[in-house]
Amino acid sequence: MTLAHQRIKNVTVATLEGEGYGLLHDAVVCIEDGSISYVGNASNAPTAPAECDVIDGQGKLLTPGLIDCHTHLVWAGSRADEFARRLHGVSYAEIAAQGGGIAATVRATRAASEAELVELATPRLAALMAEGVTTVEIKSGYGLSLADERKQLRAARQLASAHPVSVQTTLLAAHALPPEFKDNADAYIDLVVDEILPTLAGEGLADAVDAFCESVGFSPAQTERVFAKAQELGLPVKLHAEQLSNQNGSALAARYQALSCDHLEHLDEAGVQAMANSGTVAVLLPGAFYFLRDTKLPPLALLREYQVPMALATDANPGTSPILSLQLMLQMGATLFRMTPEECLRGVTCNAATALGLTDRGRVREGLRADLCLWDCQDPAELTYQFGTQRLAACWHQGVRR
């Protein structure tokens, strides 16, 4: 049983305050009733109460708990067969024409029960947690009907209830066109706006609303209808934007004060400037870039120039990023996108928290939640430099060591 008072001593703390890592050496972090009550040197630390669990960090690195701010973790079925067929020369268009692609995942997800979706998603969540993830965002978008979008979001909520991890749910009903609305996207958006959004928002199942604004997804006009309804319902918005082409979705999302725009390989300067003005986070998804063998990099120089905060996430999904390692995203962010190690770690902590609209985590600061990771290293760059090793020595979620 974890005591209400804990003290982690003899650690190097990456607070993520200010610029860079915000390092404190030979530091002490005190936890009281699930929150951080002190961060600093040992000489100024408060006297430990009689019943206090004291942990000797042995000089190791302490960081905020990691945050995976873009996943599609709840789905049924597998697309491994499609992956193999593409490598044997079958085009994606041929696979889609035969009922593959996202349509295959929609069929499997619709056929699965809520309990089955929870069972399938549990090992995926466990893989993220094993690498220090304490908060994860989970999108719907493979149901594409009221009942099935509800089922996905309810499954995501169940995962949070059953495991020591926080889950933020995002309603992504405007992800793709369901088969029953083939060639009638406007009618499907009518359903999303008139029924799916208000019903599921009323049931408290969505923390945010997302859409896929793309030439193969929904138009900016259709996306704006979704955003306008979300705004009316008091829900923040996010956007899959500028992944395959520049639809100016980021500028549209910025007008609605979007929490984040995600992917962004085809983002232009006008979109970057709009995001900077609205405080919208750029969520970069190197797993999808890698898996799709993309060659167009997100505009890192522009994002830095306009000081747009950058986050990293797994984009865990069955079709374009079947990857369940946020630590691998740190490495890919550096090697594929040329991000610095500091940018990478900020991308899965403080900036990822901002991308979810969360102000109570993502840094090691007095008054914030005690979501913490203790790593078997001293230099934070080690977390970006290498993957495939188990460096997580301990993890706390809301002050409870798991």
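Residues numbered from 1 in each chain as written. Predicted model: local features only at pLDDT ≥ 70, side-chain atom pairs only at ≥ 80, totals over all residues. Heavy atoms only, no water.

(A) The arrangement of the UniProt feature "binding site: Fe(3+)" (unreviewed entry) in the protein chain in detail. The UniProt record annotates "binding site: Fe(3+)" (unreviewed entry) at His70, His72, His240 and Asp315. In three dimensions, the annotated residues from a span of 246 residues occupy one location, with a maximal C-alpha spread of 12.3 Å. Taken from the residues named earlier, the lining of the largest pocket is made up of His72, His240 and Asp315. Following the sequence through the fold, His72 ends up in the loop between strand 6 (66-68) and helix 1 (80-87). Apart from the residues within four sequence positions on either side, His72 is in contact with Lys139, Ser140, Tyr142, Leu172, His175, His240, Asp315, Ala316 and Asn317. A distance of 3.2 Å separates a polar atom in the side chain of His72 from a polar atom in the side chain of Asp315. Relative to the assigned elements, His240 resides in strand 10 (residues 238-241). For His240, a relative accessible area of 4% gives the class buried. For His240, the contacting residues outside a window of four places in its chain are His70, His72, Lys139, Leu172, Asp210, Ala211, Phe212, Cys213, Asp262 and His263. Within the structure, His240 has its side chain in polar contact with the side chain of His70 (distance 3.3 Å). (UniProt positions renumbered as here; feature names shortened; annotations may be inferred. 1 Å grid on protein atoms, 1.4 Å probe; cavity = no way out; pocket = protein on both sides within 12 Å on 5 of 7 lines; lining within 4 Å. Helix = DSSP H or I, 4+ residues; strand = E, 2+ residues; numbered from the N terminus. Contact = heavy atoms within 4.5 Å. Polar contact = N/O pair within 3.5 Å; in protein donor to acceptor, adjacent residues only side chain to side chain. Buried < 20%, exposed > 50% of the residue type's maximum accessible area, 1.4 Å probe, protein only.)

(B) Region of interest: the packing of helix 5 (residues 146-162) against helix 6 (residues 185-202). At their nearest, the axes of helix 5 and helix 6 sit 10 Å apart, and the two run at 35° to each other. Handedness of the crossing formed by helix 5 with helix 6: right-handed. Contacts between helix 5 and helix 6 involve Leu146, Glu149, Arg150 and Leu153 from the former and Glu195, Ile196, Thr199 and Leu200 from the latter. Split into classes, the residues belonging to the contact of helix 5 with helix 6 amount to 4 nonpolar, 1 polar and 3 charged. (Axes fitted to C-alpha atoms, helices over the stretch in contact; angles between N-to-C directions. Left-handed = near helix turned anticlockwise from the far one by under 90°. Nonpolar A, V, L, I, M, F, W, Y, C, P; charged D, E, K, R; others polar.)

(C) Local environment of the layout of surface pockets. The space that makes up the largest pocket amounts to roughly 1000 Å³. Lining the largest pocket are 33 residues, and of these Tyr92, Ile102, Ala176, Phe212 and Val216 lie nearest its centre. With 3 residues, helix 3 (residues 102-111) is the single largest residue contributor to the lining of the largest pocket. Looking at the lining of the largest pocket residue by residue, the classes come out as 17 nonpolar, 11 polar and 5 charged. By volume, the second largest pocket amounts to about 440 Å³. In terms of lining, the second largest pocket is formed by 17 residues, of which the most central are Glu19, Val308, Pro309, Arg346 and Asn351. (Points joined across faces, edges and corners; volume = space filled by probe spheres on them.)

(D) Geometry of the sheet that holds strand 13 (residues 310-312). Taking strand neighbours across the sheet as the criterion, the 8 strands line up as 6-7-8-9-10-11-12-13 in an open arrangement whose pairing is parallel. Two strands bound the open sheet, and with one partner strand each, they are strand 6 and strand 13. Sheet twist, expressed as the mean angle between neighbouring strand axes with direction ignored, is 25°. Bridging between strand 10 and strand 11 (residues 260-263) involves 4 bridges; their strand directions are parallel. Counterpart to Ala241 in the pairing with strand 11 is His263. Across the sheet, helix 6 touches strand 8 (166-174) and strand 9 (208-213), and the angle it forms with strand 8 is around 150°. (Pairing = 2+ DSSP bridges.)

(E) Broad picture of helix 5. For helix 5, which comprises 17 residues, the first-to-last C-alpha distance of 24 Å matches the rise-based estimate of 24 Å (1.5 Å per residue) to within 8%. Restricting attention to buried positions, one finds in helix 5 the residues Leu146, Asp148, Glu149, Lys151, Gln152, Leu153, Ala155, Ala156 and Leu159. On the buried face of helix 5, the contacting elements are helix 3, helix 4 (114-130), strand 7 (133-139), strand 8 and helix 6. (Expected span 1.5 Å × (residues − 1).)

(F) Representation of empty space enclosed by the protein within the structure. Scanning the model with the defined rule gives 1 cavity of 30 Å³ or more in all. When its volume is computed, the largest cavity comes out at roughly 40 Å³. Forming the boundary of the largest cavity are Gln243, Glu265, Ala288, Phe289, Leu292 and Asp294. Across the lining of the largest cavity, the residue classes tally to 3 nonpolar, 1 polar and 2 charged.

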